[in-house]
Amino acid sequence: MDIAVGDEIPEWVREAGFHAWNRYAAVNDEFVPIHMDDEAGKASGYPGAFGMGNLQLSWLHGMLREWVEPAEGRIVRVACEFRAPSLKGNVVTAHGMVTAVRDEDNERFVDLDVWTDTADGTRLAPGSATVAFPL
């Protein structure tokens, strides 16, 4: 696989809202009122309900998985910080840019800056990741 510093990986786009939040909550038993009820979100100082922070992490993971699995790669590490809420109706895009490439022990390790953002460019969850591909 030809990978170079500065390469961008395919984006992953999702719409934030009750459908996505409900599915995530069902799998993770996270039916917290601020994520399900507009009035609870407003009481917390937001315009309404907002998405779970860890859903941003799962969307980054999904983006990485779709990139590495066809090449029989694996996700070594992914982490992010939750900087802004994912509000209902936002179109959220997961991004990744290669920052380093190195070969070790019959694998090509690729470090990336990863992040989710909204259509207006607000970064919700900046982070980093490492993936590995067989040589």
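For the structure itself, look to the data block above.
Everything numeric here is computed off the predicted structure, so don't read it as measured data.

Trainee: Would you mind showing me how to read the pairing of strand β3 (residues 91-104) here?
Mentor: Every other side chain in a regular strand lies on the same face of the sheet, so the side chains alternate between the two faces. Inspection of the sheet shows strand β1 (residues 12-15) paired to β3 by 4 bridges, in the antiparallel sense. Among the inter-strand pairings, Glu 15 is bridged to a residue of β3, identified as Val 91. Where β3 lies against strand β4 (residues 107-118), 12 bridges are found, and the strand directions are antiparallel. Paired with Val 101 across the two strands is Val 110, which belongs to β4. Count of turn residues in the β3/β4 antiparallel hairpin: 2 residues, of which Asp 105 carries a positive phi of about 50°.

Trainee: What is the right way to read a negative patch on the surface from this model?
Mentor: Negative charge collects at one region of the surface, where Asp 2, Asp 7, Glu 8 and Glu 11 lie side by side. On the secondary structure map, Glu 8 appears in the segment before β1.

Trainee: Mind showing me how you'd approach helix α1 (residues 18-28) here?
Mentor: Within the sequence span of α1, burial applies to Ala 20, Trp 21, Tyr 24 and Ala 25. Angularly, the buried residues of α1 cover 130° about the axis, an arc narrow enough to put them on a single face. Projecting away from the buried face of α1 at angles above 90 degrees are the exposed residues His 19, Arg 23, Ala 26 and Val 27. On its buried side, α1 packs onto β1, α2 (33-36) and α4 (53-68). Directly after α1, the chain includes Asp 29, whose backbone phi takes a positive value near 50°.

Rules behind the numbers
- Residues numbered from 1 in each chain as written.
- Predicted model: local features only at pLDDT ≥ 70, side-chain atom pairs only at ≥ 80, totals over all residues.
- Heavy atoms only, no water.
- Pairing = 2+ DSSP bridges.
- Helix = DSSP H or I, 4+ residues; strand = E, 2+ residues; numbered from the N terminus.
- Patch = residues over 30% accessible without salt bridge, like charges linked within 9 Å, V, L, I, M, F, W, Y side chains within 5 Å.
- Areas by Shrake-Rupley, 256 points an atom, 1.4 Å probe, with all protein chains shown as cover.
- Salt bridge = Lys/Arg side-chain N within 4 Å of Asp/Glu carboxyl O.
- Lys, Arg positive; Asp, Glu negative; His and termini not counted.
- Charge placed at Lys NZ, Arg CZ, Asp CG, Glu CD.
- Buried < 20%, exposed > 50% of the residue type's maximum accessible area, 1.4 Å probe, protein only.
- Arc of directions from axis to C-beta.
- Contact = heavy atoms within 4.5 Å.

Keep in mind these numbers describe shape, not what the thing actually does.
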